[in-house]
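Here is how the chains run, residue by residue.
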Amino acid sequence: MIMELKKQILIALGIEDKEVTLEYQAKLLDGTIIVSEADELAEGVSISVLAEDGSQMPLPVGEYETEDGTSFSVEEEGIVAEIYEGEETEEESTEEEEVEEVEAETDAAQPKKIKETKEVEFDKEELINEIGVVIKELLEEVKTDLGRLESELNEIKGDNEKLESEKAELTSEVEKLSKEPASEPVKSSKFNDSKKETLSKEEYRKLSGKEKYWYNIKNN
């Protein structure tokens, strides 16, 4: 498989196999192609990055992992320092699995909240009774308001009748006064004298309608 990958890389780059002797080729997780003249990746072998134009450059210092799970480190540029053989990856995977198992157990231990939908039976008769009570209360309120309004109207009507009565009485008094002759002397009246007399408000208030009439004529 490695030899087939090598041939594909060389064909894609237009490089003949005889010009480059690369016994080891692999891809890093980020897609970078690494090559070595050694048969396999091991401590102390040289390691390079294969560019698209076919040129090689030493692999920089750092820690790397291939697509097949092999991890290694480079402490000196272009030289493999240590091979991890995927041990750390397996440990990390194991730790992740343990964490997932603990979380799963925790979730299982917690009670699940289940939403229950209860059907409410519709009581038509009870609803009709409640509506009847509300309507009855509204009618009672309307009846009370109508009674109060009727009372107020009767009171206003009584006041109007009283005003009409007073108006009729005053009109009758005016008509009587207008029918009396102007030259008719006032009998037993204090206004027979030609001299003007001034009465106090209290005295004027005690005069009859006819006396007030002649008093006003005499003093004007």
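None of these values were measured; they are calculated from a predicted model.

K.L.:
Can you walk me through the overall build of the protein chain in this structure?
P.N.:
From N to C terminus, the protein chain includes 5 helices and 7 strands. In sequence order, the secondary structure elements of the protein chain are arranged as α-β-β-β-β-β-β-β-α-α-α-α. Residue burial in the protein chain is summarised as follows: out of 220 residues, 20% are buried. Counted over contacts in the protein chain with a minimum sequence separation of 6, partners at least 24 positions apart contribute 34%.

K.L.:
Just checking my understanding: could you explain the sheet that holds strand 2 (residues 33-36) for this structure?
P.N.:
Where strands meet in a sheet, backbone hydrogen bonds hold them as pairs that are either parallel or antiparallel. As summarised here, the arrangement of the 4 strands in space is 1-2-3-4, forming an open sheet in which the pairing is antiparallel. Because the sheet does not close on itself, it has two edges, and the strands there are strand 1 (24-27) and strand 4 (56-58). Strand-to-strand twist in this sheet, taken as the mean axis angle between neighbours without regard to direction, amounts to 35°. Here 3 bridges tie strand 3 (residues 48-50) to strand 4, and the two strands are oriented antiparallel to one another. In the strand pairing of strand 4, Ser48 is matched with Pro58.

K.L.:
Looking at this model, I keep getting lost on helix 5 (residues 209-218). Mind explaining?
P.N.:
Residues three or four positions apart in an α-helix share a direction because the helix packs 3.6 residues into each turn. Taken residue by residue, helix 5 has Trp214, Tyr215 and Lys218 as its buried positions. Viewed along the axis of helix 5, the buried residues span an arc of 105°, placing them on a single side of the element. Packed against the buried residues of helix 5 are helix 4 (201-206).

K.L.:
So what exactly am I meant to see when it comes to the side chain of Thr70 here?
P.N.:
When you line up the elements, Thr70 lands in the loop between strand 5 (62-65) and strand 6 (71-74). Sequence-distant contacts of Thr70, defined by excluding residues within four places in its chain, comprise Leu41, Tyr64, Glu65 and Ile83.

K.L.:
Looking at this structure, I do not really get the pattern of salt bridges. What am I missing?
P.N.:
Two side chains bearing opposite charge may form a pair once their charged atoms approach each other closely. Under the criterion given, the structure shown has 2 salt bridges. For the salt bridge of Arg205 with Glu202, the shortest nitrogen-to-oxygen distance reads 2.8 Å. Remark: Glu202 and Arg205 occur in helix 4; sequence separation between them is 3 residues, near one turn of the helix. On the accessibility criterion, Glu202 (45% relative accessible area) is partly exposed.

Conventions adopted
- Each chain carries its own residue numbering, running from 1 in the direction its sequence is written.
- This being a predicted model, a pLDDT of at least 70 is required before a residue's local features are given, and a value of 80 or more before pairs of side-chain atoms are given or counted; all residues contribute to the totals for chains, interfaces and linings.
- Only hydrogens and water are set aside; all other atoms, that is, all heavy atoms of the structure, feed into the side-chain values.
- In DSSP terms, a helix is any run of H or I states spanning at least four residues, a strand is any run of E spanning at least two, and both are numbered starting from the N terminus.
- Throughout, exposure labels follow a simple rule: accessible area from a 1.4 Å probe, protein chains only, divided by the maximum for the residue type, with under 20% read as buried, over 50% as exposed, and the rest as partly exposed.
- For this analysis, residues touch if any pair of their heavy atoms sits within 4.5 Å.
- Strand pairing follows a simple DSSP-based rule, namely that at least 2 bridges must link the two strands.
- Axis lines are fitted through C-alpha atoms, for helices just across the contact stretch, and the angle between N-to-C directions can take any value from 0 to 180 degrees.
- The directions from the helix axis to the C-beta atoms are what the arc is built from.
- Here, a salt bridge means any Lys or Arg side-chain nitrogen found within 4 Å of an Asp or Glu carboxyl oxygen.

Interpretation note: all reported values are geometric properties and have no functional meaning in isolation.
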